[in-house]
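Given next are the chains, with one letter for each unit.
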Amino acid sequence: MKITIYHNPACGTSRNTLALIRNTGIEPEVIEYLKQPPSLATLTKLIGDSGLTVREAIRQKETLYTELGLDAPDLTDMQLLETMQAHPALINRPFVVTPGGTRLCRPSELVLDILSAPQKAAFAKEDGEVVVNAERQRVK
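Residues numbered from 1 in each chain as written. Predicted model: local features only at pLDDT ≥ 70, side-chain atom pairs only at ≥ 80, totals over all residues. Heavy atoms only, no water.

A. Up close: the overall build of the chain. Of regular secondary structure, the chain possesses five helices and six strands. Mapped from its N terminus to its C terminus, the chain presents α and β elements in the order β-α-β-α-α-α-α-β-β-β-β. Relative to a compact globule of 140 residues, whose C-alpha radius of gyration would be 14 Å, the chain shows 16 Å and is just as compact. For the chain, the C-alpha atoms occupy an extent of roughly 50 × 30 × 25 Å along the three principal directions. A sequence separation of at least 24 residues applies to 59% of the contacts in the chain between residues at least 6 apart. Side-chain charges in the chain split into 16 positive and 17 negative, and the spacing between the mean points of these groups amounts to 6 Å. (Helix = DSSP H or I, 4+ residues; strand = E, 2+ residues; numbered from the N terminus. Rg over C-alpha atoms; globule rule 2.2 N^0.38 Å. Contact = heavy atoms within 4.5 Å. Lys, Arg positive; Asp, Glu negative; His and termini not counted. Charge placed at Lys NZ, Arg CZ, Asp CG, Glu CD.)

Dropping the structure here:
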């Protein structure tokens, strides 16, 4: 099963998502999107396949968002996509692609919705929140 994660190792949510994938015993393709930004076509597909709008996929907490005036309502999706591609720090993360679908995994446990392989062990996020219990069941 091929799984791809667009990952930022400095992001706790991204690290937790990657760990949840690995907790299935599967090693995903890890794309550090800050070093290898997705093409415009790939970015467009990730957002579309995840069911999000471009504005929902842009990282509004990023300083560049304000600096570049990306909150302007007259900006088109294409203008936003081109800016995200040019400045990958503006891409919200992590996007995960599996045969079961594509998701922006915020919070990280959303990845469980698109993983077909079961969790192999209990799992707690870096902050201690239990996501998968000792019976390997998702905690809601």
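That covers the picture; the talk isn't over yet.
B. Examining the pattern of salt bridges more closely. Taken as a whole and assessed by the stated rule, the structure comprises eight salt bridges. For E126, the salt bridge goes to R15, with nearest N and O atoms at 2.6 Å. Of this pair, E126 sits in the loop between β5 (123-124) and β6 (130-132) while R15 is found in helix α1 (residues 12-22), placing the two residues 111 residues apart along the sequence. Judged by its relative accessible area of 31%, R15 is partly exposed. (Salt bridge = Lys/Arg side-chain N within 4 Å of Asp/Glu carboxyl O. Buried < 20%, exposed > 50% of the residue type's maximum accessible area, 1.4 Å probe, protein only.)

Read these as spatial facts, not as claims about activity.
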